[in-house]
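Fold and contact review
Single-letter residue listing:
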Amino acid sequence: MCGANRGCLEPVADGYPVRRADRTGCGAAMMNVTIDVKHVTRVEGHGNIAVRLRDGKITHLQLAIVESPRFFEAFLRGRHWSEAPHITCRICGICSVGHTTASVKAMEAALGMTVSEQTVMLRKLAFFGEQLQSHVLHLYFLAVPDFLGVGSVIPLAKSHPDVVKRALRMKRLANDVCSVVGGRHIHPIALHVGGCTHVPADEDLIDLKRRLEAARADLNETVSLFSMLSPPELHRDTEYVSLKDAAGEYAFYDGDIVSTKDARPTPVSRYRERVIESVVQHSAAKHCRSPHAPTYAVGALARFNNNHAQLHPAARGAAEVLGLRAPCDNPFHNNTAQLVETVHCVESAIELIDAMLRRGLRAERPVEPTRFGRGAGAAEVPRGVLFHEYEVGRDGKIAGANLIIPTGQNLANIEEDMRAMVPRMIEAGKTREEMTLQLEMLVRAYDPCISCATHFLEVEWQ
Amino acid sequence: MKPKIAIFSLTSCEGCSLAILELEDQLLDLLGAVEIVNFREGMTERAWDIDVGFVDGAVSTPQDDEEVRHFRAHCKTLVAIGSCACLGGINTLKHYQSGGATRDEGAAHAAGGNGRVAEYRRYVYGENAEWFATTPARPISAVVAVDYQLPGCPMVKEEFVELVKCLLIGKPFRLPETAVCVECKRRGSRCLYEMGIICFGPITRAGCNAICPAYGSKCEGCRGLVSPDAIAAAGINLREQYRVDLNEALADLRLYGAYQEALLP
């Protein structure tokens, strides 16, 4: 049952002045409404929604990012090049393998290093683990409660114990995939610039493979569950930007920059041609635009729109069952695309483990730098394309850094979606509570990672 | 009645809050024993009658300062989780930018002393740096009284479960008072310090089961110093065995808690 339109959410009792509403007049044309959500819940980090309507017209609309500024780009300066992934993974607990991956790739580009095939395989396996972990967390813990009309996953432990146990089982498997490669999921240990300091034992890989195969049943159940939910309808002409690995696989680890409005590939080293940043006062995270549109979207739906033909057949089958077809311009279907990718990651991880077992893993010496210079790297982390760029001085210390975070790239686009959504909700005669819930659901559909987004910056290269 | 639990985040990656969700196998047991009443990252409801509050993140903005006092006022027991909340964590690295060579100088720069906006703020936000308020990064114990600390980056999940059990049955909880090396030897990992790598295992508080050396990486000291004396002994050893300047080693040790420099000789 879809609880999204039931308007059953009670205003939250809180020590903070959280939600405030005044509503006067009758009928949309006369309507004055104020929506203030302080600290949107079930998202990573601190964000506020503010909407003012006067006579039915939007006079003010903001997704304010009130996360503390953290200054990672600044304090990377002066640290040794080898520390970059271990520092930047601390930007975010949810995406720490993703930051590690973009960081090692950028640093290897800056230092002229080419890592072994085995290193790339191990990184990809950890990366699949994190996609799984993040998507399962978002789908079950952050998004599903809206559809079942509850405030969190906790009451579901009583009302739907099988659903919660399934979610926990899949999350645990995802964490174990990361741990077998990197030692742990949050802030992985063994993934370094130049190579890995740990090689998984065959028996650990075989055990993982067995559990991944068993997870297919859980995936099928998950697809059935989501095929019964009806996300709100919102369509808006949107540019979807992602990496694309034209000759290879569905882009997570590698690729060039493409979009639904410009399919010509731009290499990651020239990312500034496709991503233009600006500082806005209501957000400690910068906003981004592209050369083609004032706002654009990144994330699972962007990847699906650009790369769906490269999905594993099982994932394409799931998309069919879920009714997801490219091009899709409903941001609420980012959840659906995440689920399709979850299927892809499980199947791809199984194939990758098979390849590792056939090949045999052995301890390798890390690759050494061949030069000190400047380089960029990117990866398609759970919330979209992530760029890291570093400059390393001749003393081996980091001299400059630039990090462009998926959530930062989405913020302006979320605001545009809200602008499109509010008048339609007024027209449909929604109450203030219904509008608030749908705006929060929209923000959650993007699965924002606000801690991540508040550390990027303008860089003046020294 | 089940104890009411809250989980809060200040300036951090929220990885320690996430680590609670990553308890997975034990999460349902935990939910059977306690009632989570306030957890922004995971739930919509937010209540303020709280028995035990867990806080990750450092105090690094005027807002953090206000919030942590609010948490303290509403929690009977307050627990700092992770290196940011316990030691200031990786956030303290900003103090060493803008020519701040010591903790106090760095803190003064962070505060924008002498009417200046610290250089690192301009580096990130350009000419609009003043829009984004920041203060020196501090452990929460620098602002409010803290009842328990669970250091580590991220915190150790098993230690969290242990503390919750102790609180439930009223048993005292103590952090280990031995160095990471003790656990590393017990685990049988190869000694990185003996291989010439400056591993902080000898001076760092145990409790992580020496996980980093077990995965081939040096201990970076994320759980903080095991005792103030340890570093003096390590300084002598580093000089004599490896001819390493203690200042260089200290720069590395700042990674997870420059705030500890108060402990240093």
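Turning our eyes to something else, we now look at the overall build of chain A. Check the secondary structure of chain A and you find 13 helices and 13 strands. When each of the 462 residues of chain A is scored for burial, the buried share is 66%. Long-range pairs, those at least 24 residues apart, make up 70% of the contacts in chain A between residues at least 6 apart in sequence. A total of about 15600 Å² of accessible surface is found on chain A, and carbon and sulfur atoms cover 51% of it.

A few words on the overall build of chain B. A count of helical and extended segments in chain B gives 11 helices and five strands. Across the 265 residues of chain B, 61% fall into the buried class. Once local pairs closer than 6 in sequence are excluded, the contacts in chain B between residues at least 24 apart make up 71%. Summed over its atoms, the accessible surface of chain B is roughly 10700 Å², and 51% of this surface lies on carbon and sulfur atoms.

Residue and element names in this part refer to chain A. The tally for this structure, following the rule as stated, stands at 34 salt bridges over all chains. Put simply, Arg 303 and Glu 341 hold a salt bridge, and the shortest N to O gap is 2.7 Å. Residue Arg 303 is located in helix H8 (residues 300–307), and its partner Glu 341 is located in helix H10 (residues 334–359); the two are separated by 38 residues in the primary sequence.

Proteins that are soluble and globular tend to have nonpolar side chains buried together. Core analysis: the biggest nonpolar cluster contains 161 residues, and Phe 141 of chain A together with Phe 160 of chain B have the highest contact counts within it. The greatest single-element share of this core, amounting to 15 residues, is contributed by helix H4 (residues 117–147) of chain A. Of the residues that make up this core, three or more belong to each of domain 1 (4–88 + 138–169) and domain 3 (180–263) of chain B. Contact partners of Phe 160 of chain B, with chain neighbours within four places excluded, come to Ile 20, Leu 23, Leu 30, Phe 54, Leu 150 and Met 155 of chain B. Counting 23 residues, the second largest nonpolar core, distinct from the first, contains Val 180, Cys 199, Ile 203 and Ala 230 of chain B.

This part covers the pairing of strand E1 (residues 4–9) of chain B. Residue and element names in this part refer to chain B. Counting buried residues in E1 gives six out of six residues, a clear majority hidden from the surface. Burial along E1 is two-sided: the face carrying Lys 4, Ala 6 and Phe 8 and the face carrying Ile 5, Ile 7 and Ser 9 are both buried. Note that E1 and strand E2 (residues 35–39) share four bridges and pair parallel. Bridged to Ile 7 within E2 is Phe 39.

In terms of backbone geometry, most residues other than glycine have negative phi values and most peptide bonds are trans. Cis geometry is adopted by the peptide bond preceding Pro 327 of chain A, which originates at Ala 326 of chain A and carries an omega value of -5 degrees. Along the chain, Pro 327 of chain A turns up in the loop between helix H9 (313–322) and H10. Here the bond from Cys 153 of chain B into Pro 154 of chain B is cis, since omega is 0 degrees, no more than 30 degrees from zero. Structurally, Pro 154 of chain B can be placed in the loop between strand E5 (148–150) and helix H7 (157–169). Not every positive phi belongs to a glycine, and His 187 of chain A is a case in point at roughly 60 degrees.

Three or four residues apart is the spacing at which side chains of an α-helix point the same way, because the helix has 3.6 residues per turn. Residue and element names in this part refer to chain A. Across its 31 residues, H4 extends 43 Å between first and last C-alpha, which sits within 8% of the 45 Å expected from 1.5 Å per residue. His 138 marks the point of greatest bend in H4, at about 30 degrees. Across the 31 residues of H4, 29 count as buried, placing the element largely inside the fold. Gly 149 sits one or two residues past H4 and shows a positive phi near 70 degrees.

All names here are of chain A. With respect to the helices and strands, the residue Asn 413 is situated in helix H11 (residues 406–427). Its relative accessible area of 1% is what places Asn 413 among the buried residues. Here Thr 295 takes part through its side chain, which lies 2.6 Å from a polar atom of the side chain of Asn 413.

All names here are of chain A. Averaged over every residue, the pLDDT of chain A is 87; the share at 70 or more is 88%. A low-confidence stretch, residues 1–30 stays under pLDDT 50, and its non-local contacts, those more than four residues away or across chains, total 77 contacts. In the predicted structure, residues 454–462 sits below a pLDDT of 50 and forms 47 contacts with residues beyond four places in sequence or in another chain.

A few words now on the environment of Lys 4 of chain B. All names here are of chain B. Note that Lys 4 resides in strand E1. Take Lys 4: its relative accessible area is 17%, and that puts it in the buried class. Considered as a pair, Lys 4 and Pro 136 are 132 residues apart in the sequence and their alpha carbons are 32 Å apart. In contact with Lys 4, not counting residues within four places along its chain, are Glu 35, Val 37, Asp 49, Ile 50, Asp 51 and Val 52.

Further remarks concern the packing of helix H3 (residues 96–110) of chain A against H4 of chain A. All names here are of chain A. Direction vectors running N to C along H3 and H4 enclose 150 degrees, while the axes themselves pass 8 Å from each other. Regarding the angle of H3 to H4, the classification is roughly antiparallel. The way H3 lies across H4 gives a crossing that is left-handed. Residue-level inspection shows Ser 96, Val 97, Gly 98, Thr 101, Val 104 and Glu 108 of H3 in contact with H4, the latter providing Arg 123, Ala 126, Phe 127 and Glu 130. Residues of the contact of H3 with H4, tallied by class, amount to four nonpolar, three polar and three charged.

As a further point, take the packing of helix H7 (residues 202–228) of chain A against H9 of chain A. Packed helix pairs are characterised by how far apart their axes lie and by the angle those axes make with each other. Residues and elements named next belong to chain A. It is at 9 Å that the axes of H7 and H9 come closest, and there the two elements cross at 30 degrees. Overall, the two elements H7 and H9 adopt an arrangement that is roughly parallel. The two elements H7 and H9 cross, and the hand of that crossing is right-handed. From H7, Val 223, Phe 226 and Ser 227 reach across to H9, where they touch Ala 318, Val 321 and Leu 322. In terms of residue class, the contact of H7 with H9 is built from five nonpolar, one polar and no charged.

This paragraph deals with the packing of aromatic side chains. One pass over the structure, following the stated rule, counts 12 aromatic pairs over all chains. A ring pair is formed by Trp 48 of chain B and Phe 71 of chain B, whose centres lie 6.4 Å apart and whose planes are at 15 degrees; its orientation type is stacked. With a gap of 23 residues between them, Trp 48 of chain B in the loop between E2 and strand E3 (50–56) and Phe 71 of chain B in helix H3 (residues 62–74) connect regions that are remote in the sequence. Through a chain of ring-to-ring contacts, the aromatic side chains of Phe 127, Phe 128, Tyr 250 and Phe 252 of chain A assemble into a single cluster. For Lys 171 of chain A, the ring lying beneath its charged end belongs to Phe 141 of chain A, and the centroid distance is 5.9 Å.

Calculation notes
- Residues numbered from 1 in each chain as written.
- Chains lettered and ligands numbered in written order.
- Predicted model: local features only at pLDDT ≥ 70, side-chain atom pairs only at ≥ 80, totals over all residues.
- Heavy atoms only, no water.
- Helix = DSSP H or I, 4+ residues; strand = E, 2+ residues; numbered from the N terminus.
- Buried < 20%, exposed > 50% of the residue type's maximum accessible area, 1.4 Å probe, protein only.
- Contact = heavy atoms within 4.5 Å.
- Areas by Shrake-Rupley, 256 points an atom, 1.4 Å probe, with all protein chains shown as cover.
- Salt bridge = Lys/Arg side-chain N within 4 Å of Asp/Glu carboxyl O.
- Core = buried A, V, L, I, M, F, W, Y, C linked by side-chain atoms within 4.5 Å.
- Domains from an automatic or database assignment.
- Pairing = 2+ DSSP bridges.
- Expected span 1.5 Å × (residues − 1).
- Bend = angle between axes of the 7 residues up to and from the residue.
- Polar contact = N/O pair within 3.5 Å; in protein donor to acceptor, adjacent residues only side chain to side chain.
- pLDDT = per-residue confidence, 0-100.
- Axes fitted to C-alpha atoms, helices over the stretch in contact; angles between N-to-C directions.
- Parallel < 35°, antiparallel > 145°, perpendicular 65-115°, else oblique.
- Left-handed = near helix turned anticlockwise from the far one by under 90°.
- Nonpolar A, V, L, I, M, F, W, Y, C, P; charged D, E, K, R; others polar.
- Phe/Tyr/Trp six-rings, centres within 6.5 Å; stacked < 30°, edge-to-face > 60°.
- Lys NZ or Arg CZ within 6 Å of the ring centre and 35° of its normal.

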